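Breakdown of the fold
Chain by chain, the residues:
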Amino acid sequence: MLITILATIVVLGVLIFVHELGHFMAAKAVDIAVPRFSIGLGPKLWGFRRGETEYVISWLPLGGYVKMAGMEEMERIEGGKVEDGASAPVSDAGLVQEQPTPGPREFESKSLPARTLVISAGVLMNFVFAFLVFSGSAAVWGVPDVPPPRIAAVAEELLPPGTEALAQVPPNMEVTAVGDRSVEDWADLTTALRIARPGPTTLLLADGRTIMVELPASDSLREALIEGALQPEYPPVIGRVLPGTPAERAGLAPGDSVVRADGRPVRIWQDLLAVVSSSTGRPIELVVQRGAERLSVAVVPEAETAAAGDSAVGRIGVIFVPPRERPGLVGAFVHGARETWDMVALTVEFLGRLFTGDVSPRSVGGPILIGQFSGQVVRLGLEPFLRFMAIFSINLAVLNLLPIPVLDGGHLLFLAVEAVRGRALSLQQRVRLTQVGLVIVVAIMVWALANDVLRLLGL
């Protein structure tokens, strides 16, 4: 639990800081005064002042803001009045009147391109953060090979209710489409299954047959299907040898490619698993290719039980690690740009399908789901954790571009209207629209949080 909480704080804190840093740097670049830079919302927890800016950490770690001179009315609006020390005058009737001529370092005094840059800088920084993470991951750890969309095997015991028909898929059968979405590799296949609406869905196989399944609404059941029941086609190359296991005692090494097992040809990783799991306590011969040399190794699988009540299966202590290719520095940047664009396109497509009803509203998650994912990926290592942050950064950036007042996209919409009509909306109009946007954003947050609670309850 502590690891999950800390991971969530790191994810939210870093991404909020990156976003607000973009606004801050752009504001400083065009000479807009910045009285406050806050990570978090609500009352100040801790802070210090340097120059004209107060840097603070606030109690609620679900957002942040850069307070810019001339934009005080956009911080918090209640009942048509401007709060938090804003300088806009309010008439006796409670209506916000027009501000006087802005000062030289206020937001409204800057040119339209300068204001557009300041508003856009937050999401641009989120995109840059994702690009740097994807590029750095490719340069440091390499790019994993993505297997083809062939289902090497199906673990029938892990199939959720309604998906039992997948047990009929022949081994190593390629899937060409999920519903109306074509797939080209295993990543496409898993993505299509994740974003498909709950209920009846067809899988089109390469031989022309279709498999009809009932996809579950539950995220946990959906992940059990994708990450557990459906097994991709991986080459039979040993990635890691666990210490103190039969594989280590037999002299197997990372990089060994298994050619034959107990006299049977081995083409994919599942072929090796099938032989080993059924040979508990019995010596088997593995023929492996190690560089230019072919070796014969005798190994005795040991019995292992996954959970109480399960039958024991043979294990020798080897783990598959997807092979990786190091693309070089230029190649890493190209890969980072391509992966960033793909994730942006996928996020936009998801939102589009959500609005059209092609994706279940239950797919939207809130802070609880973010925390759960953060806790899970941090246990997998630094690279998966950073990649999760990059993906989440893109999600935040795209969501922030929605044309809802309060969000960056709403501010950009105001600027677009000003560019078209030749003058800005009145302060009163912006206040009213921002109130509407605030209601919409709060409703979305409540909706996402309700989904989180329903998931916790297994509904």
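Look above for the structure.
Each value, and the rule that gives it
- Residues numbered from 1 in each chain as written.
- Predicted model: local features only at pLDDT ≥ 70, side-chain atom pairs only at ≥ 80, totals over all residues.
- Heavy atoms only, no water.
- Helix = DSSP H or I, 4+ residues; strand = E, 2+ residues; numbered from the N terminus.
- Buried < 20%, exposed > 50% of the residue type's maximum accessible area, 1.4 Å probe, protein only.
- Contact = heavy atoms within 4.5 Å.
- Areas by Shrake-Rupley, 256 points an atom, 1.4 Å probe, with all protein chains shown as cover.
- Lys, Arg positive; Asp, Glu negative; His and termini not counted.
- Charge placed at Lys NZ, Arg CZ, Asp CG, Glu CD.
- Core = buried A, V, L, I, M, F, W, Y, C linked by side-chain atoms within 4.5 Å.
- Pairing = 2+ DSSP bridges.
- Salt bridge = Lys/Arg side-chain N within 4 Å of Asp/Glu carboxyl O.
- Axes fitted to C-alpha atoms, helices over the stretch in contact; angles between N-to-C directions.
- Parallel < 35°, antiparallel > 145°, perpendicular 65-115°, else oblique.
- Left-handed = near helix turned anticlockwise from the far one by under 90°.
- Nonpolar A, V, L, I, M, F, W, Y, C, P; charged D, E, K, R; others polar.
- Phe/Tyr/Trp six-rings, centres within 6.5 Å; stacked < 30°, edge-to-face > 60°.

**A look at the overall build of the protein chain**
- When you go through the protein chain residue by residue, the secondary structure sums to 11 helices and 20 strands.
- Each principal axis of the C-alpha atoms in the protein chain carries an extent, and together these give about 90 × 45 × 40 Å.
- In the protein chain, which comprises 459 residues, the proportion classed as buried is 42%.
- In the protein chain, once contacts between residues fewer than 6 apart in sequence are set aside, the share between residues at least 24 apart is 64%.
- In the form shown here, the protein chain has an accessible surface area of approximately 23000 Å², with 63% of it arising from carbon and sulfur atoms.
- Here the protein chain carries 38 positive and 47 negative side-chain charges, and the mean point of each set is 3 Å from the other.

**As for the nonpolar core**
- Formed by 47 residues in total, the largest nonpolar core has its most connected members in Val 11, Ile 32, Met 68, Val 118 and Ile 394.
- Going through the elements one at a time, α1 (2-29), β1 (36-50), α2 (112-141), α7 (328-356), α8 (367-378), α9 (382-400) and α10 (408-421) are the ones with two or more residues in this core.
- Of all the elements, α2 adds the most residues to this core, at 10 residues.
- With 23 residues, the next largest nonpolar core counts Leu 159, Leu 189, Leu 193 and Ile 211 among its residues.

**Description of the sheet that holds strand β13 (residues 257-261)**
- The sheet built from four strands is open, its strands ordered β14-β13-β15-β16 with antiparallel pairing. A single partner strand is all that each edge strand has here, and the edge strands are β14 (264-265) and β16 (293-299).

**Things to note about the pairing of strand β7 (residues 173-178)**
- In terms of strand pairing, strand β6 (residues 150-154) meets β7 through two bridges, oriented antiparallel. Looking at β7, one finds that Arg 150 is bridged to Glu 174.
- Where β7 lies against strand β9 (residues 199-205), three bridges are found, and the strand directions are antiparallel. Its bridge partner lying in β9, Ala 177 is registered against Leu 204.
- Across two bridges, the pairing between β7 and strand β8 (residues 181-182) is antiparallel. Along β8, the bridge assignment pairs Val 178 with Arg 181.
- Between β7 and the antiparallel strand that follows it, β8, lie two residues; Gly 179 among them carries a positive phi value of about 65°.

**Focus: the pattern of salt bridges**
- The full count for this structure, using the stated rule, is 20 salt bridges.
- Of the charged contacts, one joins Lys 28 and Glu 52 as a salt bridge, the two residues approaching to 2.8 Å between their closest N and O atoms. Here Glu 52 lies in the loop between β1 and β2 (53-67) and Lys 28 lies in helix α1, a separation of 24 residues in the sequence.
- Between Arg 115 and Glu 418 there is a salt bridge, with its nearest N and O atoms 2.8 Å apart. Note that Arg 115 is positioned in helix α2 and Glu 418 in helix α10, a separation of 303 residues in sequence.
- The exposure class of Arg 115 is buried, given its relative accessible area of 5%.
- Taking the relative accessible area as the measure of exposure, Glu 418 reaches 15% and is therefore buried.

**Observations regarding the packing of α7 against α9**
- Relative orientation of the contacting elements α7 and α9 amounts to 50°, with a least axis distance of 10 Å. It follows from the interaxial angle that α7 and α9 lie oblique. In terms of crossing hand, the pair formed by α7 and α9 is right-handed. Note on element contacts: α9 touches α7 through Arg 387, Ile 391, Ile 394, Asn 395, Val 398 and Leu 399, opposite Glu 339, Thr 340, Met 343, Val 344, Thr 347, Val 348 and Leu 351.
- Classifying every residue of the contact of α7 with α9 by side-chain character gives eight nonpolar, three polar and two charged.

**Topic: the packing of α2 against α10**
- Two elements in contact, α2 and α10, have axes separated by 9 Å at closest approach and are oriented at 160°. In terms of their interaxial angle, α2 and α10 are classed as roughly antiparallel. As for how α2 packs across α10, the hand of that crossing is left-handed. Of the residues in α10, those touching α2 at Leu 112, Arg 115, Thr 116, Ile 119, Ser 120 and Val 123 are Asp 408, His 411, Leu 412, Leu 415, Glu 418 and Ala 419.

**Considering the environment of Pro 170**
- Within the secondary structure layout, Pro 170 lies in the loop between β6 and β7.
- Looking at Pro 170, the relative accessible area reads 24%, which means it is partly exposed.
- Sequence-wise, Pro 170 and Ala 153 are 17 residues apart; in three dimensions their C-alpha atoms are separated by 7.9 Å.
- Each residue touching Pro 170, except ones within four places of it in the same chain, is listed here: Ile 151 and Arg 209.

**Details of unusual backbone geometry**
- Positive phi values are uncommon outside glycine, yet Asp 31 reaches one of about 65°.
- With respect to the helices, strands and loops of the structure, Asp 31 is situated in the loop between α1 and β1.
- What makes Asp 31 partly exposed here is its relative accessible area of 38%.
- Residues other than glycine seldom take positive phi values, yet Val 406 does so here, at roughly 100°.
- Mapped onto the elements of the fold, Val 406 is located in the loop between α9 and α10.
- Taking the relative accessible area as the measure of exposure, Val 406 reaches 32% and is therefore partly exposed.

**As for the packing of aromatic side chains**
- Throughout the structure, instances matching the rule amount to 11 aromatic pairs.
- Pairing Phe 37 with Tyr 55 gives two aromatic rings, centres 6.1 Å apart and planes at 35°, and the pair type is tilted. Residue Phe 37 is found in strand β1, and its partner Tyr 55 is found in strand β2; the two are separated by 18 residues along the sequence.
- Within the aromatic cluster, the residues linked to one another by ring pairs are Phe 17, Phe 24, Phe 37, Trp 46, Phe 48 and Tyr 55.

**A few points about the environment of Arg 423**
- Take Arg 423: it is sitting in the loop between α10 and α11 (427-456).
- We classify Arg 423 as exposed; its relative accessible area is 52%.
- Along the primary structure Arg 423 and Leu 132 are separated by 291 residues, whereas in three dimensions their C-alpha atoms are 38 Å apart.
- Not counting residues within four places of it along the chain, the set of residues in contact with Arg 423 comprises Val 417 and Glu 418.

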